[in-house]
Amino acid sequence: MPAAPCLIRAALPSDEAAWRRLWAGYCDFYDAHVPEAVTRRTWVRILDPDSAVMCIVAEVDGAVVGFANCVVHLGTWETESLCYLEDLYVDPAARGKGIASQLIEWLRNAMRAEGWARLYWMTRADNAAARALYDRFTQADGYVRYVLRQK
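Residues numbered from 1 in each chain as written. Predicted model: local features only at pLDDT ≥ 70, side-chain atom pairs only at ≥ 80, totals over all residues. Heavy atoms only, no water.

Engineer: Would you mind going over the pairing of strand 2 (residues 53–60) in detail, with residue names and values included?
Structural biologist: Buried residues dominate strand 2, accounting for seven of its eight residues. Inspection of the sheet shows strand 1 (residues 7–10) paired to strand 2 by four bridges, in the antiparallel sense. What sits directly across from I8, in strand 2, is A58. Where strand 2 lies against strand 3 (residues 63–73), eight bridges are found, and the strand directions are antiparallel. For E59, the partnering residue across the bridge sits in strand 3 and is V64. (Buried < 20%, exposed > 50% of the residue type's maximum accessible area, 1.4 Å probe, protein only. Helix = DSSP H or I, 4+ residues; strand = E, 2+ residues; numbered from the N terminus. Pairing = 2+ DSSP bridges.)

Engineer: Residues and numbers for the state of the cysteines, please.
Structural biologist: This model, assessed by the stated rule, comprises zero disulfides. Among the cysteines around C6, which has no disulfide bond, C55 carries the closest sulfur, lying 13 Å off. The structure places no disulfide on C55, whose sulfur is separated from the nearest cysteine sulfur, that of C70, by 7.8 Å. (Disulfide = S-S within 2.5 Å.)

Engineer: Summarise the sheet that holds strand 2; cite the residues concerned and give the values.
Structural biologist: Here five strands make up an open sheet; going across it, the order is 1-2-3-4-5 and the pairing mixed. In this open sheet, the two strands that pair with only one neighbour each are strand 1 and strand 5 (118–120). The sheet shows a mean angle of 25 degrees between the axes of neighbouring strands, taken without regard to direction. Contacts between helix 3 (residues 99–114) and the sheet are confined to strand 1, strand 2, strand 3, strand 4 (82–90) and strand 5, with strand 2 contributing the most and set at about 135 degrees to the helix. (Axes fitted to C-alpha atoms, helices over the stretch in contact; angles between N-to-C directions. Contact = heavy atoms within 4.5 Å.)

Engineer: Kindly report on the packing of helix 3 against helix 4 (residues 128–137), identifying the contributing residues and their values.
Structural biologist: Helices that pack against each other are described as a pair by the angle of their axes relative to one another and the distance between those axes. Running from amino to carboxyl end, helix 3 crosses helix 4 at an angle of 35 degrees, the nearest separation of the two axes being 11 Å. Note on packing geometry: the crossing formed by helix 3 with helix 4 is right-handed. On helix 4, the residues that touch A100, S101, I104, E105 and R108 of helix 3 are L133, Y134, R136 and F137. Among the residues making up the contact of helix 3 with helix 4, the classes are represented as five nonpolar, one polar and three charged. (Left-handed = near helix turned anticlockwise from the far one by under 90°. Nonpolar A, V, L, I, M, F, W, Y, C, P; charged D, E, K, R; others polar.)

Engineer: Describe the packing of helix 1 (residues 16–29) against helix 2 (residues 36–47), naming the residues involved and giving the relevant values.
Structural biologist: Running from N to C, helix 1 and helix 2 point in directions that differ by 130 degrees, and their axes come no closer than 12 Å. One way to sum up the angle between helix 1 and helix 2 is to call them oblique. Of the two possible hands of crossing, helix 1 and helix 2 adopt the one that is right-handed. Judged by residue contacts, E16, W19, R20 and W23 of helix 1 engage E36, T39, R40, T42, W43 and I46 from helix 2. The class makeup of the residues in the contact of helix 1 with helix 2 is four nonpolar, two polar and four charged. (Parallel < 35°, antiparallel > 145°, perpendicular 65-115°, else oblique.)

Engineer: Give a detailed account of the nonpolar core, specifying residues and quantitative values.
Structural biologist: Grouped together as the largest cluster of nonpolar side chains are 26 residues, with contacts concentrated most on L85, L88, I99 and L103. Listed by contribution, the elements that provide at least two residues to this core are strand 2, strand 3, strand 4, helix 3 and helix 4. When residues of this core are assigned to their parent elements, the largest contribution, seven residues, is made by helix 3. Once you skip the residues sitting within four places of it in the chain, L88 turns out to touch Y26, F67, A68, A100, L103, I104 and Y134. A11, C27, W43 and I46 belong to the second largest nonpolar core, which has 15 residues in total. (Core = buried A, V, L, I, M, F, W, Y, C linked by side-chain atoms within 4.5 Å.)

Engineer: Can you break down the pattern of salt bridges residue by residue, with the values?
Structural biologist: The full count for this structure, using the stated rule, is nine salt bridges. A salt bridge links R9 to E59, with the shortest nitrogen-to-oxygen separation between them at 2.8 Å. Taken together, the positions of R9 in strand 1 and E59 in strand 2 put the pair 50 residues apart, joining distant regions of the chain. The burial state of R9 is the same as that of E59; both residues are buried. The salt bridge involving R20 is made with E36; its shortest N-O contact spans 2.9 Å. With a gap of 16 residues between them, R20 in helix 1 and E36 in helix 2 connect regions that are remote in the sequence. You can call E36 partly exposed: its relative accessible area is 39%. Look at the salt bridges and you will find they share partners, linking E16, R20, E36 and R40 into a network. (Salt bridge = Lys/Arg side-chain N within 4 Å of Asp/Glu carboxyl O.)

Keep in mind that these numbers describe shape and distance, not what the molecule does.
Below, the structure is given as structure tokens:
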């Protein structure tokens, strides 16, 4: 299926309601309970030009239908910054139209333009639909993630 005509752009203050709706869908997909204080703080960081957190949105026919939340950071294995694509989500009604691919492609172009050493992300091993998309860009690197939590 050809890609939907889609505008990829930085999130704007006026996108908050759409972003929150999509964010809720993303959290539901991952069975994650993200406290309102964290959601609110994430949105504030997205809009803060001095924050390492950024968000791009996909807009189709004037409606925001997807987003990519990223963190640009320094690392110890590179001299250039890295971009961690932390959250990628497209409204289920807009899937299958190449929107997620366009979000990743926008970030790949930003990587080149900004001089990031790499763009990276992860997903659940059983997320077959996402992995089919991601495998078109690169193969999984085989690392296993470990997480320690304070609480």
